[in-house]
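# Overview (structure and organization)
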Amino acid sequence: QDLTILAYGTMVHVAVTAVEETGTDAEVIDLRTLWPLDTDAVVNSVKKTGRCMIVHEATKTGGYGAELSALVQEL
């Protein structure tokens, strides 16, 4: 209930491991499909926890994480 973690691909496993090792009460959302994105699941979870962390393997500039961040802020 402390944090929403948005991840896809390999980073889902990394996020789940981090949550288990730290004992954080986080909801990890596996974005299995990036398009169409399940915006309802993302928005509902972030509203519930009040915090969002985006974990992804991508370029420093113009990565999909930036798009997710903008979407979360917008909605």
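Residues numbered from 1 in each chain as written. Predicted model: local features only at pLDDT ≥ 70, side-chain atom pairs only at ≥ 80, totals over all residues. Heavy atoms only, no water.

### Let's talk about the packing of aromatic side chains
- Taken as a whole, this structure holds 1 aromatic pair when the rule is applied.
- Between Tyr8 and Tyr64 the ring centres are 5.9 Å apart and the planes differ by 85°, which places this aromatic pair in the edge-to-face class. Taken together, the positions of Tyr8 in the loop between strand E1 (3–7) and helix H1 (10–22) and Tyr64 in helix H3 (residues 64–74) put the pair 56 residues apart, joining distant regions of the chain. (Phe/Tyr/Trp six-rings, centres within 6.5 Å; stacked < 30°, edge-to-face > 60°. Helix = DSSP H or I, 4+ residues; strand = E, 2+ residues; numbered from the N terminus.)

### What about the pattern of salt bridges?
- Inspection of the entire model under this criterion finds 2 salt bridges.
- A salt bridge links Lys48 to Glu27, with the shortest nitrogen-to-oxygen separation between them at 2.7 Å. With Lys48 in helix H2 (residues 39–49) and Glu27 in strand E2 (residues 26–30), this residue pair connects regions lying 21 residues apart in the sequence.
- The partly exposed category is assigned to Lys48, whose relative accessible area is 47%.
- Classification of Glu27 by relative accessible area gives partly exposed; the value is 28%.
- The closest approach of N and O atoms between Asp30 and Arg32, which form a salt bridge, is 3.6 Å. (Salt bridge = Lys/Arg side-chain N within 4 Å of Asp/Glu carboxyl O. Buried < 20%, exposed > 50% of the residue type's maximum accessible area, 1.4 Å probe, protein only.)

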